[in-house]
Amino acid sequence: KQAYPMGCQLSKRLMVIVNPHGGKGHAIRTYRSEGAPLFKAARCLVDVITTEYAGHARDIGREKVSQGKYDAIVCASGDGIPHEILNGMWDYEDEDGKKRSKRATELLANTAICQLPCGSGNALAKSLNGTASPSESALAIIKGYRLKSDLMVVSQKTKGSYLTFLTQTHGLIAESDLGTEHLRWMGGARFSFGVVQRLLFSKTYPCRLDVKYQASSKSEVRRHFAQYMDNIENNTTPAEKFTPRFGTVEDELPSDWTSHNLPNASMIYVSKLPWVSTENQFFPAALPHDGAMDLCYSNTMSPFHSIPIMVATETGAHLDSPGIEYAKIEAYRLTPAEEDGHGYLSMDGESYPFEPFQVEVWPRAATFLSK
Ligand code: ADP
Ligand code: MG
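Another aspect to go through is the packing of helix α2 (residues 56-63) against helix α3 (residues 80-90). Running from amino to carboxyl end, α2 crosses α3 at an angle of 35°, the nearest separation of the two axes being 7 Å. Here the hand of the crossing between α2 and α3 comes out right-handed. Between α2, through His56, Ala57, Arg58, Ile60, Gly61 and Arg62, and α3, the contact on the second element is made entirely by Ile81, Glu84, Ile85, Asn87, Gly88 and Met89. Partitioning the contact of α2 with α3 into residue classes produces five nonpolar, four polar and three charged.

Below, the structure written as structure tokens:
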């Protein structure tokens, strides 16, 4: 791996953003006892901000990170704060009032994002450092290397375009996450509880899925994975300013996409990282900058079929289950069925309007710290 370019590894300039609302609500205490002492011992220069409202980290990303003062932004939170910070940086306005400028691209590419796990999911820390322990993650941040990662750009009619670094999901998983907010006291267990609850009712989430494939079968995915594994550390080509290759969700579908009607869908799940929470390695073939997103979906729903799948996600063995499709894709559009009425769409674990959306990969647009 490339050495950390700031020279002395022990004096990173960090902005720590603490979300007191994340997970079970212990982030301030966790940061004080497990993060701060280690950063101090490693002579990091640290500025700490505690978020005061939902969306605060987005404002911080737009207004404070742009000064270029920090080597890394440490999110003492779940995955919602990295989501907000990335979007804040992308919303940065240059002197002419222009958004999404070259400067915003540079900010995203140069400011490393990392996580001191304090949330319910903590997929970023688990995927990049193999741990969701706050103290082990603090050490990984102190010693971490810069790793380029693709981002995913979402287009929605009422929201315009925005970034996700982790997942988009519709159906069972989205409901189990966003529909269990009232169970925050359970910590990460609220996801599993939500999944089991919904499986018992065999609820389906009919939708249409249009996909631009890169590797459409499991054997092609294996080949893709083997090929790109060798290239992970070498490809540090800088990101280019984002220009949509496939238009927006309101444009006509490109003719070379494949359409799936999914009347019995249980879940549509797309990710850029292998671990979607501390216990669930839903996307074992996900790679940081292979120019693709990993798609996992199922058009069947029954407890007998789905419970063994959910149990197997810790090891990734669920991919061998019949009825589970897995692919590498460049872009897709998801259109919930009209009759589905109200539902949930989860983007990096955050709730977004329940309406059609389209997503495409933005290669190597962000930098994370990795062990
Ligand atoms: P979790 O893993 O538990 O979901 P996250 O860090 O992802 O934790 O954050 C969850 C939500 O908390 C995000 O939507 C974020 O906007 C919101 N949030 C951040 N700060 C506050 C605050 N001070 N009060 C209420 N909500 C907040
Ligand atoms: Mg979250």
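This next bit is on a nonpolar patch on the surface. On the surface, Val196, Leu200 and Phe201 cluster together into a nonpolar patch covering about 360 Å² of accessible area. Looking at where Phe201 falls in the secondary structure, it is placed in the loop between α8 (189-200) and β8 (207-215).

Structurally, Ala104 can be placed in helix α4 (residues 102-110). Here Ala104 falls in the buried class, since its relative accessible area comes to 0%. The spacing of Ala104 and Val221 is 117 residues in sequence and 33 Å in space, taken between C-alpha atoms.

Residues Ile73, Ile85, Leu86, Ile113 and Trp362 are the most contacted members of the largest nonpolar core, which totals 37 residues. Where this core is concerned, the elements lending two or more residues are β1 (13-18), α2, β3 (72-77), α3, α4, α5 (123-129), β5 (145-156) and β15 (357-370). Ranked by residues supplied to this core, first place goes to α3 with five residues. In this structure, this core is formed jointly by two domains, domain 1 (9-143) and domain 2 (156-363), each of which donates at least three residues. Aside from chain neighbours lying at most four places away, what touches Trp362 is Trp90, Thr105, Leu108, Asp150, Leu151, Val153, Leu163, Ala239, Glu240, Lys241 and Phe242. Residues Tyr162, Leu295, Leu334 and Phe357 belong to the second largest nonpolar core, which totals 23 residues.

Taken as a whole and judged by the stated rule, the model has 15 salt bridges. Across the pair Arg100 and Asp91 runs a salt bridge whose closest N-O atoms are separated by 2.7 Å. Since its relative accessible area comes to 6%, Asp91 is described here as buried. One salt bridge in this structure joins Glu330 and Arg245, with 2.9 Å as the shortest N-O distance. Of this pair, Glu330 sits in strand β12 (residues 324-336) while Arg245 sits in the loop between α9 (218-229) and β9 (258-262), and the two are 85 residues apart along the sequence. For Glu330, a relative accessible area of 13% corresponds to the buried category.

Around ligand 1, a shell composed of 20 residues is seen, among which Gly23, Glu84, Ser120, Arg184 and Glu350 lie nearest. One of the side-chain N or O atoms of Ser120 is found 2.7 Å from an oxygen atom in ligand 1. At three residues, the largest contribution of residues to the shell around ligand 1 is made by α3. Of the residues belonging to the shell around ligand 1, the class tally is three nonpolar, twelve polar and five charged.

By the assigned domains, the protein chain splits into domain 1 (9-143) and domain 2 (156-363). Each of domain 1 and domain 2 has a C-alpha centre, and the two are 24 Å apart. Counting the surface lost from both domain 1 and domain 2, the interface buries some 2,200 Å², and carbon and sulfur atoms represent 64% of this. For the domain 1 face of the interface with domain 2, the top three residues by lost area are His83, Trp90 and Ser120, together amounting to 26%. Here domain 1 is connected to domain 2 by zero salt bridges.

A separate point is the layout of surface pockets. Its boundaries defined by the atoms lining it, the second largest pocket holds a volume of some 300 Å³. Forming the boundary of the second largest pocket are 16 residues, of which Ser127, Ile232, Ala286, Leu287 and Pro288 lie nearest the centre. Of all elements in the fold, only α5 and α9 reach the threshold of two or more residues within the lining of the second largest pocket. Across the lining of the second largest pocket, the residue classes tally to eleven nonpolar, two polar and three charged.

In contact at an axis separation of 9 Å, helix α1 (residues 27-41) and helix α6 (residues 134-143) are set at 30° when each is read in the N-to-C sense. Compared by their axis directions, α1 and α6 come out roughly parallel. Along this stretch, α1 crosses α6, giving a crossing that reads as right-handed. Listed contacts from α6 to Thr30, Glu34, Gly35, Leu38 and Phe39 of α1 are Pro134, Ser135, Ala138, Leu139, Ile141 and Ile142. Of the residues belonging to the contact of α1 with α6, the class tally is seven nonpolar, three polar and one charged.

A few words now on the side chain of Lys212. Within the fold, Lys212 resides in strand β8. At a separation of 2.9 Å, a polar atom in the side chain of Lys212 contacts the side chain of Asp256. Lys212 has contacts with Phe246, Asp256, Trp257, Ile329, Glu330 and Ala331, leaving out every residue within four places of it along the chain.

This paragraph deals with unusual backbone geometry. Of note in the backbone geometry, Asp348 takes a positive phi value of approximately 55° without being a glycine. Here Asp348 lies in the loop between β13 (345-347) and β14 (350-352). Looking at Asp348, the relative accessible area reads 2%, which means it is buried. Despite not being glycine, Arg364 has its phi angle at roughly 50°, a positive value. As for its placement among the helices and strands, Arg364 is situated in strand β15. Taking the relative accessible area as the measure of exposure, Arg364 reaches 16% and is therefore buried.

Quick notes on the rules
- Residues numbered from 1 in each chain as written.
- Chains lettered and ligands numbered in written order.
- Predicted model: local features only at pLDDT ≥ 70, side-chain atom pairs only at ≥ 80, totals over all residues.
- Heavy atoms only, no water.
- Axes fitted to C-alpha atoms, helices over the stretch in contact; angles between N-to-C directions.
- Helix = DSSP H or I, 4+ residues; strand = E, 2+ residues; numbered from the N terminus.
- Left-handed = near helix turned anticlockwise from the far one by under 90°.
- Contact = heavy atoms within 4.5 Å.
- Nonpolar A, V, L, I, M, F, W, Y, C, P; charged D, E, K, R; others polar.
- Patch = residues over 30% accessible without salt bridge, like charges linked within 9 Å, V, L, I, M, F, W, Y side chains within 5 Å.
- Areas by Shrake-Rupley, 256 points an atom, 1.4 Å probe, with all protein chains shown as cover.
- Salt bridge = Lys/Arg side-chain N within 4 Å of Asp/Glu carboxyl O.
- Buried < 20%, exposed > 50% of the residue type's maximum accessible area, 1.4 Å probe, protein only.
- Core = buried A, V, L, I, M, F, W, Y, C linked by side-chain atoms within 4.5 Å.
- Domains from an automatic or database assignment.
- Near = heavy atom within 4 Å.
- Polar contact = N/O pair within 3.5 Å; in protein donor to acceptor, adjacent residues only side chain to side chain.
- Buried area = accessible area lost by both parts, 1.4 Å probe.
- 1 Å grid on protein atoms, 1.4 Å probe; cavity = no way out; pocket = protein on both sides within 12 Å on 5 of 7 lines; lining within 4 Å.
- Points joined across faces, edges and corners; volume = space filled by probe spheres on them.
- Parallel < 35°, antiparallel > 145°, perpendicular 65-115°, else oblique.

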